[in-house]
Amino acid sequence: MKKLLVLLFFVPIISFAQFTKGNKFIGGNVSYSRYSYEGGTDSKPFNSIFDLEGQLGFFSSESFAVGPVLNIFSQSRPSINPVTNLFEQTNSSGVMAGVFARKYFPISEMFLFSMEGKVLGGIRSSDNDSEDESNGQLKVGFRPVFTFLPSSKWGFEAGVGNLSYEVNTANYLSDQTVFLANLGQVSLGVVYFFNRTAE
């Protein structure tokens, strides 16, 4: 592990520039995760999340890009029914928009490593057996991304793991704050670079 950290530290020094200021890219990725809860009964309620995300990035330097991001998601999560005291699945979906920033660390001509941070805000709509509700949502997330560049214009991306902090506000009785370290989540995506030529 120490060797990997040392390598990642020196990569920006020994690597060449992959991009130039003013380059742009458009990309999207998809991810799906599912995990279960130990409920103390025979049933194991689960939480599943499907995410579809699009980005438009602008390089402000050879290794740093920022831009808008749009996220569409669908989630199924367990909640406890106060009447029966049993788990029920609550389905929700929503749209969030915000900004992202990404720092690239070239590994070779065809492989890149980057760290990405983003801030998103939007609306989540939930439905269960008792009522439908909509609430605001704020999300701050970080993730590492690996990019494979088979050509100067196209790239394939894989995000491994995700660290996020979410705040959902319906009313003062049902506000929810979630800190999630999901090390097993994998997101796959495609990216297209504008005005980029092979080095």
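Placed above this text is the structure.
The following refers to the structure shown. Being a predicted model, the structure only gives us computed values, none of them experimental. (Residues numbered from 1 in each chain as written. Predicted model: local features only at pLDDT ≥ 70, side-chain atom pairs only at ≥ 80, totals over all residues. Heavy atoms only, no water.)

**Some details on the environment of Gly94**
Following the sequence through the fold, Gly94 ends up in strand S4 (residues 87-106). Between the C-alpha atom of Gly94 and that of Gly136, which follows or precedes it by 42 residues, the distance is 9.6 Å. Residues in contact with Gly94, not counting those within four places in the same chain, are Asn71, Ile72, Phe73, Ile123 and Arg124. (Helix = DSSP H or I, 4+ residues; strand = E, 2+ residues; numbered from the N terminus. Contact = heavy atoms within 4.5 Å.)

**Quick word on empty space enclosed by the protein**
In this structure the tally under the stated criterion is two cavities of 30 Å³ or more. In this structure, the largest cavity encloses a volume near 160 Å³. Lining the largest cavity are 15 residues, with Ser31, Lys118, Arg143, Asn162 and Gln185 sitting closest to its centre. It is strand S7 (residues 154-169) that provides the largest number of residues to the lining of the largest cavity, a total of four residues. In terms of residue class, the lining of the largest cavity is made up of one nonpolar, nine polar and five charged. Its boundaries defined by the atoms lining it, the second largest cavity holds a volume of some 30 Å³. Around the second largest cavity, the lining residues are Phe25, Gly27, Gly28, Asn29, Gln55, Arg102, Glu157, Val190 and Val191. Contributing elements (two or more residues each) for the lining of the second largest cavity: strand S1 (24-36) and strand S8 (176-194). The greatest single-element share of the lining of the second largest cavity, amounting to four residues, is contributed by S1. (1 Å grid on protein atoms, 1.4 Å probe; cavity = no way out; pocket = protein on both sides within 12 Å on 5 of 7 lines; lining within 4 Å. Points joined across faces, edges and corners; volume = space filled by probe spheres on them. Nonpolar A, V, L, I, M, F, W, Y, C, P; charged D, E, K, R; others polar.)

**A few points about the pattern of salt bridges**
As enumerated under the stated definition, the model contains five salt bridges in all. A salt bridge links Glu53 to Lys118, with the shortest nitrogen-to-oxygen separation between them at 2.7 Å. In this pair, Glu53 is assigned in strand S2 (residues 46-59) and Lys118 in strand S5 (residues 111-127), connecting sequence segments 65 residues apart. Just as Glu53 is buried, Lys118 falls in that class too. Of the charged contacts, one joins Glu157 and Arg102 as a salt bridge, the two residues approaching to 2.6 Å between their closest N and O atoms. Remark: Arg102 occurs in strand S4 and Glu157 occurs in strand S7; sequence separation between them is 55 residues. Accessibility expressed as a relative area gives 7% for Glu157, which makes it buried. Each member of the salt-bridge network shares a partner with another, and the members are Arg102, Glu116, Arg143 and Glu157. (Salt bridge = Lys/Arg side-chain N within 4 Å of Asp/Glu carboxyl O. Buried < 20%, exposed > 50% of the residue type's maximum accessible area, 1.4 Å probe, protein only.)

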